[in-house]
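Geometric and topological summary
In case you want the letters, here they are:
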Amino acid sequence: MLSRVADSLYWTSRYLERAEHTARLIDINMGLMLDRSRVSAERRWQRVLSAVGSAQGLGWHDEPDANGEPARWLGVTALVHALCFDTTKHASITACIFGARENARQIRDEISTEQWQRLNGLFHEISRLRTASPSERNLAEFLPTIIDGVHLFQGVTDTTLSHGEGWQVLRVGRYLERAWSLTTLLDVYEREVFLGEDSDDASEYLEWVGLLRICTAFEAFCRVHTADLSHERILEFLLLDPDFPHSVRYSVDALHNALEAIQQHTRTQRGGELMRVAGRLKATLGFAQIAEVLAQDPVRYLRRILEQCREIHDLIYAVYIQYSVEAALAV
Amino acid sequence: MTTTPLRGAQDHPLLRDYFMDTAFDEMFDGAGAIRPHYQALFHELTTLPPEEIRRRKQSADASFLMQGITFTVYGRDEGTERIFPYDLIPRLVTGEEWDRIERGLTQRITALNLFLHDVYNDQKILAQGVVPREVVYSCQQFRRQMRGLRVPRNVYVAIAGTDLLRLESGEFVVLEDNLRVPSGVSYMLTNRRIMKRTLPSLFRDYGVRPIDHYPQALLATLRSLAPEGRPEPTIVVLTPGVYNSAYFEHTWLARQMGVELVEGRDLVIHDNLVYMRTTAGLKRVDVIYRRVDDDFIDPLAFRGDSILGVAGLFNAYRAGNVTLANAFGTGIADDKALYAYVPAIIKYYLDEDPILNNVETYLLTDAKQRSHVKENLEKLVVKAVGESGGYGMLVGPQSSSAERDEFKRKIDADPRNYIAQPTLLFSRAPCLLEDGSIGPRHVDLRPYILFGDKVTIVPGGLTRVALRQGSLVVNSSQGGGSKDTWVLGA
């Protein structure tokens, strides 16, 4: 497979996963705002922005003006609108969908017609829903459209695309992005939510349920632990559960599995370091115990996972996509 | 010009708007009688119920849509992908007519390849004054980098598409040669696939000569041009990318041949060898069917601002490590001013008279011809020598005086850049109109010629149609369409 094609498949997949995650993040937080909460709106959306990795530069605040007046908070409506529709902000959902479609368009022949039709259909649907003025009704239609659209794409991907190298590259993109965004989310909650000592139970409970629902994990969690929520159990479930598809461990396992399949397909001699790093991360999560993680510094633990994800991304590029001519000829 | 509605045996309601004048009609002879080879087609069309024709048209439409057979129009807004308009009534060419066309095209491509080899090596034809040096050296497509360079089998033009017209007399003449990156062959082949499904029994009864082996023939041609010592060459199609108007065709050809479709950024040059970058590492490339113009193919050798090309490709080519089809610099042989010399070129190299004649052409560098052209602009067609696709041209009879004045200024400013030809009343073929009736529309014919270890011309080609009544412009970028071409007889 051409490296360029692999690159486009990888980003198509990552962008779609990101769009879905961001859509659910916004949807759940919009819902949480309906209840009375100790968390101020500004604080809550600052948290959302941290979770999409874009605390700066998303039009959260106005620019400080010339007189040195401090930046002004734009308000929930404008911010949510930007997060959904503003194509100049790379973290926005619309920018992700446009990015995914543009990547897929470059390799139209490498994916199935059904995949293309789903993605193109989603693109046109979003273009229709994008309006100049923010409105709640619009959002109520927009967010489910994104989530459903991505699910449909993943469904036809699994049923219409041959499960060869290209399909594995799509899986790499999906699960690396998922591991990354879940870990980032847990990092934010570790620092912002789970630290509060003087908590009022009802409000804390809502926030915790919110976290699980952002990860589509509430039902799955209850089946294992009942609705008996605790910091430790939630973190254990989202970080270390081996079976739940939106846990970090599951994502890393799937990522490792896809990378292994690609290595077999390409028979590359240069994948050793990549497999070592991915395998180490898989083993770290596979053998971890939540008590150990909490006894040490959980934030540092999560940051370490993020670093390794970044390292895996760089190595994928170095092995399969942007390797130097000398390195490739040396083997 | 007087036009007369048809009278007599063809008083069929479907033909209510059919008319004839001095232009050659593909279906009717001068007396209004159906030409023998059109009779079965005519019978089928007039006996099929109108709703059945409509149904078949709809199902053919759906096939085109489903296959995503589209092209891009430049200079308009985004989202300019369109379905290539096509016509359901095939254009018929008799076996006898075709055999002559085939001989003529073979002769022409052979002579033009000899010419290119000569011009880039010994230049005998220039020394002997058969073609003036200034015509060659003033051509923007002349590549001095090609001087003295050996190309495999001395084949410069491996893939050509030559535009033919049929004049009032019924004679086929050459309007222009496309020797750089001719496009449209995918439409020829997809038209055929859809027509076989639309009029299957008629197709069978006619004994139409097959064209479906074109992709294999193209692959064999490219393979025959591989550098020496590469018995199992890796062949790729090089595309400028998804924004190119012919991108559909590039992907289609790559798929049909079973080779990779690459962009410039997929290729790297190392030690004058060409590789493509794959997930399994670098893979050596031997033959590139390139659909990128000379200017953009190597920023080191040609235009430095090109981002479509591959830096160093020309050096690898010069070292003989990779074959490009077509070679660089073939554009001098399809320059519209050089065109006037092609009959002399054929005579010079092959000592034969041209089997297919040229259209009369005025060279505007000649003062006498130039003033004649300027005085008669409303009767002539003026074309920019380096342009194609119907861009940069003036159709005299359909122009305004402001447009004519503009062209006079352009001609005076740069006479080498333009040629003029008489406005040709070329042939019309029956087409299915919007209202379901049948009317005559102007058509041309572009056969596709392959030149490797032998010359292969699949019988037929792309018949392009000027779908607007009275229009003489058949280019897809200017509102033209196409129809299937059936070459009859064994």
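Residues numbered from 1 in each chain as written. Chains lettered and ligands numbered in written order. Predicted model: local features only at pLDDT ≥ 70, side-chain atom pairs only at ≥ 80, totals over all residues.

Each helix and strand in chain B was counted, giving 14 helices and 25 strands. Here the C-alpha radius of gyration of chain B, 23 Å, is about what a compact globule of 490 residues would show, namely 23 Å. Projected onto its principal axes, the C-alpha positions of chain B cover 70 × 60 × 50 Å. Here chain B holds 490 residues, and 46% of them are scored as buried. Taking the contacts inside chain B whose residues are at least 6 apart along the sequence as the reference set, 68% of them involve residues at least 24 apart. (Helix = DSSP H or I, 4+ residues; strand = E, 2+ residues; numbered from the N terminus. Rg over C-alpha atoms; globule rule 2.2 N^0.38 Å. Buried ≥ 20, exposed ≤ 12 C-beta atoms within 10 Å, placed from the backbone. Contact = placed C-beta atoms within 7 Å.)

So, about unusual backbone geometry. All names here are of chain B. Here the bond from Ala-325 into Asn-326 is cis, since omega is -5°, no more than 30 degrees from zero. Looking at the secondary structure, you find Asn-326 in the loop between strand 14 (323-325) and helix 12 (342-350). The backbone phi angle of Asp-271 is positive, close to 50°, even though this residue is not glycine. As for its position among the elements, Asp-271 is in the loop between strand 10 (267-270) and strand 11 (273-278).

Attention now goes to the sheet that holds strand 18 (residues 393-395) of chain B. Residues and elements named next belong to chain B. Spatial ordering of the open sheet is given by 16-19-17-18, a layout of four strands whose pairing is antiparallel. With partners counted over all chains shown, the strands left at the sheet margins are strand 16 (362-363) and strand 18, one partner each. Relative to strand 19 (residues 418-422), strand 17 (residues 380-384) runs antiparallel, the two being bridged by five bridges. Counterpart to Leu-380 in the pairing with strand 19 is Pro-422. (Pairing = 2+ DSSP bridges.)

Moving on, we get to the interface of chain B and chain A. Contact residues are listed per partner, giving 17 residues for chain B and 17 residues for chain A. Contributions of two or more residues to the side of chain B that touches chain A are made by helix 9 (247-257), strand 9 (260-262), strand 10, strand 11 and strand 12 (281-284) of chain B. When residues of the side of chain B that touches chain A are assigned to their parent elements, the largest contribution, three residues, is made by strand 11 of chain B. The class makeup of the residues in the side of chain B that touches chain A is six nonpolar, five polar and six charged. (Nonpolar A, V, L, I, M, F, W, Y, C, P; charged D, E, K, R; others polar.)

Residue and element names in this part refer to chain A. Its 17 residues give helix 5 (residues 113-129) an end-to-end C-alpha distance of 24 Å, which sits within 8% of 24 Å, the value for a rise of 1.5 Å per residue. Gln-115, Trp-116, Arg-118, Leu-119, Leu-122 and Ile-126 are the residues of helix 5 that are buried. All buried residues of helix 5 lie within an arc of 165° about the axis, which places them on one face of the element. Residues His-124, Ser-127 and Arg-128 are exposed on helix 5 and point more than 90 degrees away from its buried face. On the buried face of helix 5, the contacting elements are helix 4 (93-106) and helix 6 (136-160). (Expected span 1.5 Å × (residues − 1). Arc of directions from axis to C-beta.)

Next up on the list: the pairing of strand 20 (residues 428-432) of chain B. Residues and elements named next belong to chain B. With five of five residues buried, strand 20 lies mostly within the body of the structure. Side-chain alternation along strand 20 places Arg-428, Pro-430 and Leu-432 on one buried face and Ala-429 and Cys-431 on a second face that is also buried. As judged from the five bridges shared by strand 20 and strand 21 (residues 438-442), these two strands associate in the antiparallel manner. Across the sheet, residue Leu-432 finds its bridge partner in strand 21, namely Ile-438. Connecting strand 20 to the antiparallel partner strand 21 that follows it, the hairpin turn spans five residues, and Gly-436 within it adopts a positive phi of roughly 90°.

This next bit is on the nonpolar core. Of all hydrophobic cores here, the largest spans 221 residues; its most connected members are Leu-238 of chain A together with Val-157 of chain B. Those residues in contact with Leu-238 of chain A, other than ones at most four positions away along the chain, are Leu-182, Leu-186, Cys-215, Ala-217, Ser-247 and Val-248 of chain A. (Core = buried A, V, L, I, M, F, W, Y, C linked by C-beta atoms within 7 Å.)

Attention now moves to the packing of helix 11 (residues 248-266) of chain A against helix 12 (residues 272-286) of chain A. Residue and element names in this part refer to chain A. One can describe the packing of helix 11 onto helix 12 by two numbers: an axis separation of 9 Å at closest approach and a directional angle of 155°. By the angle between their axes, helix 11 is roughly antiparallel relative to helix 12. Considering only the axes of helix 11 and helix 12, their crossing is left-handed. Every residue of helix 12 that contacts helix 11 at Val-248, Arg-249, Val-252, Asp-253, Leu-255, His-256, Leu-259, Glu-260 and Gln-263 is listed here: Leu-274, Met-275, Ala-278, Gly-279, Leu-281, Lys-282, Leu-285 and Gly-286. Along the lines of polarity and charge, the residues of the contact of helix 11 with helix 12 split into nine nonpolar, four polar and four charged. (Axes fitted to C-alpha atoms, helices over the stretch in contact; angles between N-to-C directions. Parallel < 35°, antiparallel > 145°, perpendicular 65-115°, else oblique. Left-handed = near helix turned anticlockwise from the far one by under 90°.)

Once that is clear, we can look at the sheet that holds strand 8 (residues 235-238) of chain B. Residues and elements named next belong to chain B. If you walk across this open sheet you meet the four strands as 9-8-13-14, and the pairing is parallel. With partners counted over all chains shown, the strands left at the sheet margins are strand 9 and strand 14, one partner each. Neighbour to neighbour, the strand axes of the sheet diverge by 30° on average, direction disregarded. Taken strand by strand, helix 8 (residues 214-224) contacts strand 8, strand 13 (287-290) and strand 14, and its axis lies near 110° from that of strand 8. Where helix 9 meets the sheet, its contacts fall on strand 8 and strand 9, and the angle it forms with strand 9 comes to roughly 150°.

All names here are of chain B. Assignment of secondary structure puts Thr-361 in the loop between strand 15 (357-358) and strand 16. Between the alpha carbons of Thr-361 and Ala-420 there is a distance of 5.9 Å; along the sequence they are 59 residues apart. Discounting chain neighbours no more than four positions away, the residues touching Thr-361 are Tyr-339, Ala-340, Ile-419 and Gln-421.

For the rest of this paragraph, the subject is the confidence of the model for chain A. Here chain A shows a mean pLDDT of 88. Residues at 70 or above account for 91%. Ignoring residues within four places in sequence, the model shows residues 57-64 of chain A, a span with pLDDT below 50, making 23 contacts including any to other chains. (pLDDT = per-residue confidence, 0-100.)

Residues and elements named next belong to chain B. Along strand 13, one buried face is formed by Val-287 and Tyr-289 and the opposite face, lined by Ile-288 and Arg-290, is buried too. Bridging between strand 8 and strand 13 involves four bridges; their strand directions are parallel. Across the sheet, Val-237 pairs through a bridge with Tyr-289, a residue of strand 13. The pairing of strand 13 with strand 14 spans three bridges and is classified as parallel. Bridge assignment links Tyr-289 to a residue of strand 14, and that residue is Ala-325.

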